[in-house]
Amino acid sequence: MENLVVSNILYRKTRTLATIAGVALGVVLVVLTVGIVHGFLEEQGRRNSAITAEIMFGPPGSTFGLSISPMLSLDVKYVDELRKIEGVQDAVPIGQLLRGRMIDGIDYEQFKKVSAARVIETDREPFTFSGDEAIIDRVQQRQRNWKVGEEIEMLNRKFRIVGVYEPESLARVKIPLATLQEYENRKNVCTMILVKVADPSKQTEVAARIKQTFPDYGVMLTRDLPILISQGTPALNTFLDVVVLLAIIVSSLVILLTMYTTVTERTRQIGVLKSLGASKFWIAGEIEKEALLISSLGVVAGFALSVIGKFIITRLTTMSVTLEPMWLLYALALGMLAGVLGALYPALRAANQDPVEALAYE
């Protein structure tokens with residue numbers, strides 16, 4: 001009898017392929033969207049991990065790590081005040097601006113004190129940069145195919161690439177802090193201050209002293225950034241929940257429409273089967289088996305499309321996509337659930353058909 005399910009699927013090839021595509025769309029919607037979000041969060045954590053400073057100091061209302069519109073709003077005078085606090089070894093101002101891409105404003109010599117990032121490729125020794133000059137990380141160089149000496153468009157003017165640095169740290173493109181301040185016409189301001197502690201084992205105590213001295217300002221331990229990024233983004237979690245729900249609804253509706261049409265077309269066949277002694281449970285089971293087989297094929301197609309989508313996205317953009325095995329299993333479960341739910345009404349309708357009326361159906 002299992003051949004009956006396969007025969008039914010192959011009988012309407014075009015409709016079967018369209019249904020598989022609908023289920024695959026739901027799988028891609030879940031797997032690829034979750035992969036993009038998780039890839040973004042992992043990338044943020046990886047880039048922030050290159051910071052060797054133990055504390056981030058920002059203006060009131062600071063949202064470290066995931067600022068939607070970072071700006072220069074913190075007076076650099078706090079650099080000297082932070083250096084006076086017991087346990088602080090150094091404090092370095094950092095500017096950040098989002099203009100098409102995230103841009104860091106740094107003093108390179110100062111930045112080396114609070115980050116593991118170092119220029120590994122340059123056209124000058126010793127390395128310095130100023131004015132309309134920029135450095136990029138290795139990932140940006142590889143993805144954009146930029147070279148040292150090449151000019152790139154930023155902030156409505158040309159910047160010359162004078163160095164490539166590793167490892168990734170904060171924004172992928174960095175320019176002199178003075179240049180960023182000049183562009184914003186806001187001298188002596190920055191976005192945040194990175195604080196290096198003399199004894200890392202006492203960073204919590206030093207952070208408490210800073211908070212006590214500046215109670216209204218943002219103080220964050222850099223070691224807490226990965227947790228802050230992954231757990232402190234309820235909007236992203238809500239977004240993922242909505243995507244999963246939409247995927248189930250879309251896939252279920254596609255299956256529902258297909259199986260309802262199938263049951264209507266096979267009314268006489270169902271009547272014949274029931275007249276031969278087929279039970280309601282058996283009829284409903286055959287409809288559900290057909291839906292599950294189609295869903296399985298759709299899930300496999302969705303996985304393949306997700307892998308292709310990841311390759312295209314990472315090749316053509318700077319975005320990172322993480323396809324986690326756990327979410328592949330979730331997508332499999334969601335696809336099966338959509339198949340069961342979508343075929344439930346058509347299966348019950350088929351099971352409850354009167355055999356006499358079914359046989360007389362034209």
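Residues numbered from 1 in each chain as written. Predicted model: local features only at pLDDT ≥ 70, side-chain atom pairs only at ≥ 80, totals over all residues. Heavy atoms only, no water.

Caption draft 1: Focus on the overall build of the protein chain. If you tally the helices and strands in the protein chain, you get 13 helices and 12 strands. Burial status across the protein chain gives 46% buried among its 362 residues. Within the protein chain, counting contacts between residues at least 6 apart in sequence, those at least 24 apart form 81% of the total. (Helix = DSSP H or I, 4+ residues; strand = E, 2+ residues; numbered from the N terminus. Buried < 20%, exposed > 50% of the residue type's maximum accessible area, 1.4 Å probe, protein only. Contact = heavy atoms within 4.5 Å.)

Caption draft 2: Expanded view of the pairing of strand 11 (residues 192-197). Within strand 11, 6 of the 6 residues are buried, which leaves the element mostly enclosed by the surrounding structure. Residues Met192, Leu194 and Lys196 of strand 11 are buried on one face, and the alternating residues Ile193, Val195 and Val197, pointing to the opposite face, are buried as well. Taken together, the 6 bridges between strand 3 (residues 88-99) and strand 11 define a ladder with antiparallel strand orientation. Residue pairing for strand 11: Asp90 is matched across the bridge by Lys196. (Pairing = 2+ DSSP bridges.)

Caption draft 3: The arrangement of the environment of Gln143 in detail. Mapped onto the fold, Gln143 is located in helix 5 (residues 138-144). Residue Gln143 is classed as partly exposed on the basis of its relative accessible area, which comes to 28%. Taking the C-alpha atoms as reference points, Gln143 and Thr314, 171 residues apart in sequence, are found 8.5 Å from one another.

Caption draft 4: Looking closely at the nonpolar core. The biggest cluster of nonpolar side chains holds 21 residues, and the ones touching the most others in it are Ile94, Phe111, Ile135 and Leu194. In contact with Phe111, not counting residues within four places along its chain, are Ile51, Val92, Ile94, Ile106, Ala117, Ser169, Leu170, Lys174 and Leu194. Among the nonpolar cores identified, the runner-up in size contains 19 residues, and Ile55, Tyr78, Val88 and Leu221 belong to it. (Core = buried A, V, L, I, M, F, W, Y, C linked by side-chain atoms within 4.5 Å.)

Caption draft 5: Highlighting the environment of Asn145. Position of Asn145 among the secondary structure elements: in the loop between helix 5 and strand 7 (151-154). Among residues more than four places away in sequence, those in contact with Asn145 are Gln140 and Glu150.

Caption draft 6: Up close: the pattern of salt bridges. Tallying each qualifying case throughout the model produces 15 salt bridges. The closest approach of N and O atoms between Arg172 and Asp137, which form a salt bridge, is 2.8 Å. Taken together, the positions of Arg172 in the loop between strand 8 (157-166) and strand 9 (173-176) and Asp137 in strand 6 (residues 133-137) put the pair 35 residues apart, joining distant regions of the chain. Here Arg172 matches Asp137 in class, with each residue buried. Ionic pairing is found between Arg172 and Glu168, a salt bridge with its closest N-O pair at 3.0 Å. (Salt bridge = Lys/Arg side-chain N within 4 Å of Asp/Glu carboxyl O.)

Caption draft 7: Structural context of the packing of aromatic side chains. For the coordinates displayed, the defined rule picks out 8 aromatic pairs. Residues Tyr78 and Phe214 carry aromatic rings whose centres are separated by 5.4 Å and whose planes lie at 85° to one another, so their mutual orientation is edge-to-face. Residue Tyr78 is located in helix 3 (residues 77-83), and its partner Phe214 is located in the loop between helix 7 (203-213) and strand 12 (218-221); the two are separated by 136 residues in the primary sequence. Taking the relative accessible area as the measure of exposure, Phe214 reaches 8% and is therefore buried. An aromatic cluster of three or more residues is present, and its members are Phe57, Tyr78, Phe214 and Tyr217. (Phe/Tyr/Trp six-rings, centres within 6.5 Å; stacked < 30°, edge-to-face > 60°.)

Caption draft 8: Fine view of helix 7. Among the residues of helix 7, Gln203, Val206, Ala207 and Ile210 are the ones counted as buried. Along the axis of helix 7, the buried positions cluster into a sector of 100°, meaning they face one direction only. Those residues of helix 7 that are buried lie in contact with strand 1 (55-58), helix 3, strand 3, strand 11 and strand 12. (Arc of directions from axis to C-beta.)

Caption draft 9: Highlighting unusual backbone geometry. In this structure, the amide linkage connecting Glu125 to the following residue, Pro126, adopts the cis form with an omega of -5°. The omega torsion of the bond from Glu166 to Pro167 falls at -10°, within 30 degrees of zero and hence cis. With phi around 55°, Leu155 is a residue other than glycine that occupies positive phi space. With a relative accessible area of 8%, Leu155 lands in the buried category. A positive phi is found at Asn185, a non-glycine position, where the angle reads about 55°.

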